[in-house]
Amino acid sequence: QEARLRREYLYKKAKEAKLHSVEEKKQRLKRALEGKQTYPTEIRREALTLQKQLEFDDDEGGEGVSSHVMMNINGPEWKTPNHGNHVRDPSSRLKMFAKELRLIFPNAQRMNRGNHEVSALVQASKANDVTDLLIVHEHRGMPDGLIVCHLPFGPTAYFTLCNVVMRHDIPDLGTMSEAFPHLIFHNFTSRLGQRVSNIMKYLFPVPKDDSKRVVTFANQDDYISFRHHVYKKTDHRNTELSEVGPRFEMRLYMIKLGTLENESTSEVEWQWHPYTNTARKRKYLSTE
């Protein structure tokens, strides 16, 4: 049943991408016919067909319609994502890190894994409309791994963590805002980079324009630096930025198409191979 539902989801997603492509071509043709831009040469062969389709389209009333795939995931209205992160016997430092992660993601809940199997946790998360399940790993009290599993159909992204600095380790720490944060993604220019930025982007709900909270994912040499700030305007020209933490670096090493309970049978979408001859030279998340 899981495999059938995932095939249906991927079919709808591919169909939707095709519809979006046609709609974009129609809008470009419409702007050209109105004299707002030059005539696009790449759609010249399809111009007559697209022009006929434009005659049957409504000019108004279609703004802001969400995709049916996202509607199936998030429900008929926007809901802030629910998250869970867990580990079997966490150290005090990992518990602290999990608490700080919970503050980063709006509407998140933290729980210890205990003796529960991953499959049971995933099924319980699906039953309670959880949109993403986050799992944190540690080595000798230091957080060293993060798994992001998007529910109900995947994908699942695996990251290593390094240089983790907790909130209480940052001097002159600012207060934590509970507003939905604005997101900054820097240097995710390759196809894989866009995939990773989308996985991280949908962990957060849409912020309000007046939100003073900023979360940054900055890629350099395939290491993703996570930074968390709040800001305030001191006058009409200057803005004061305060880091509220935590901060850490992430490195992607695998993306699987399924969810965690099907980890052994899920298809690997991408995997880092560090021991190949070109591994040190290649940059995967950017085209630079």
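Residues numbered from 1 in each chain as written. Predicted model: local features only at pLDDT ≥ 70, side-chain atom pairs only at ≥ 80, totals over all residues. Heavy atoms only, no water.

Asker: Hey, could you go over the overall build of the protein chain for me, with residue numbers and the actual values?
Answerer: Within the protein chain, the regular secondary structure consists of six helices and eleven strands. Taken across its 288 residues, the protein chain has 41% of its residues classed as buried. (Helix = DSSP H or I, 4+ residues; strand = E, 2+ residues; numbered from the N terminus. Buried < 20%, exposed > 50% of the residue type's maximum accessible area, 1.4 Å probe, protein only.)

Asker: Requested: an account of helix H4 (residues 92-104), with residues and values cited.
Answerer: Compared with an ideal rise of 1.5 Å per residue, which puts 13 residues at 18 Å, H4 spans 19 Å between its outermost C-alpha atoms and is within 8% of the ideal. The complete set of buried residues in H4 reads Leu94, Phe97, Ala98, Glu100, Leu101 and Ile104. Buried positions in H4, seen along its axis, are confined to an arc of 165° and lie on one side of it. (Expected span 1.5 Å × (residues − 1). Arc of directions from axis to C-beta.)

Asker: So what's going on with the side chain of Glu249? Residues and values would help.
Answerer: When you line up the elements, Glu249 lands in strand S10 (residues 247-256). At 2.9 Å, the side chain of Glu249 and the side chain of Ser225 are in polar contact. Glu249 has contacts with Thr160, Leu161, Cys162, Asn163, Ile224, Ser225 and Arg227, leaving out every residue within four places of it along the chain. (Polar contact = N/O pair within 3.5 Å; in protein donor to acceptor, adjacent residues only side chain to side chain. Contact = heavy atoms within 4.5 Å.)

Asker: Which residues make up the packing of aromatic side chains, and what values go with them?
Answerer: Under the defined criterion, the tally for this structure stands at nine aromatic pairs. Here Phe97 and Phe248 contribute two aromatic rings whose centre-to-centre distance is 5.7 Å and whose plane-to-plane angle is 80°, an arrangement assigned as edge-to-face. With Phe97 in helix H4 and Phe248 in strand S10, the pair connects residues that are 151 residues apart, well separated along the chain. Side by side, Phe97 and Phe248 carry an identical accessibility label, which is buried. Arranged with centres 4.7 Å apart and planes meeting at 10°, the rings of Phe226 and Phe248 form a pair that is stacked. With a gap of 22 residues between them, Phe226 in strand S8 (residues 223-233) and Phe248 in strand S10 connect regions that are remote in the sequence. Through a chain of ring-to-ring contacts, three or more aromatic side chains come together here, namely Phe97, Phe105, Phe185, Phe188, Phe204, Phe217, Phe226 and Phe248. The positively charged end of Arg251 is found above the aromatic ring belonging to Tyr223, 4.8 Å away from the centroid. (Phe/Tyr/Trp six-rings, centres within 6.5 Å; stacked < 30°, edge-to-face > 60°. Lys NZ or Arg CZ within 6 Å of the ring centre and 35° of its normal.)

Asker: Explain unusual backbone geometry to me, and be specific about the residues and the numbers.
Answerer: Here the amide bond leading from Leu151 into Pro152 is cis, since omega sits at 10°, within 30 degrees of zero. By the element assignment, Pro152 lies in the loop between strand S4 (142-150) and strand S5 (156-165). The step from Gly245 to Pro246 runs through a cis peptide bond, and the omega angle for that step is -5°. Mapping Pro246 onto the fold places it in the loop between strand S9 (239-243) and S10. Backbone geometry at Asn107 places phi at a positive 65°, although glycine is not the residue there.

Asker: How would you sum up the pattern of salt bridges? Please name residues and give values.
Answerer: Note that side chains of opposite charge can pair when their charged atoms are close. In the structure shown here, the tally under the stated rule is five salt bridges. Note that Arg93 is salt-bridged to Asp169, the shortest N-O span being 3.5 Å. On the criterion of sequence distance, the pair formed by Arg93 in helix H4 and Asp169 in the loop between S5 and strand S6 (182-186) is long-range, its members being 76 residues apart. Accessibility expressed as a relative area gives 26% for Arg93, which makes it partly exposed. Its relative accessible area of 37% is what places Asp169 among the partly exposed residues. A salt bridge links Lys126 to Glu261; the shortest N-O distance between them is 3.0 Å. Remark: Glu261 occurs in the loop between S10 and strand S11 (268-271) and Lys126 occurs in helix H5 (residues 118-127); sequence separation between them is 135 residues. Like Lys126, the residue Glu261 is buried in the burial classification. (Salt bridge = Lys/Arg side-chain N within 4 Å of Asp/Glu carboxyl O.)

Asker: Explain H5 to me, and be specific about the residues and the numbers.
Answerer: Buried residues of H5: Val118, Leu121, Val122, Ser125 and Lys126, and no others. Angularly, the buried residues of H5 cover 135° about the axis, an arc narrow enough to put them on a single face. Considering only its buried residues, H5 is in contact with helix H1 (2-33) and strand S3 (132-139). The first or second residue beyond H5 is Asp129, which carries a positive phi of 60°.

Asker: Describe the nonpolar core, listing the residues and the values that go with them.
Answerer: Judged by nonpolar contacts, the single largest core of 33 residues is most densely connected at Phe97, Phe159, Val196, Phe217, Met250 and Leu252. Those elements that provide at least two residues to this core are H4, S3, S4, S5, helix H6 (191-201), strand S7 (213-220), S8 and S10. Residues contacting Phe217, with those up to four places away along its chain left out, are Ile184, Phe185, His186, Phe188, Met200, Phe204, Ile224, Ser225, Phe226 and Met250. Of all hydrophobic cores here, the second largest spans eleven residues; its members include Ile147, Cys149, Leu151 and Tyr158. (Core = buried A, V, L, I, M, F, W, Y, C linked by side-chain atoms within 4.5 Å.)

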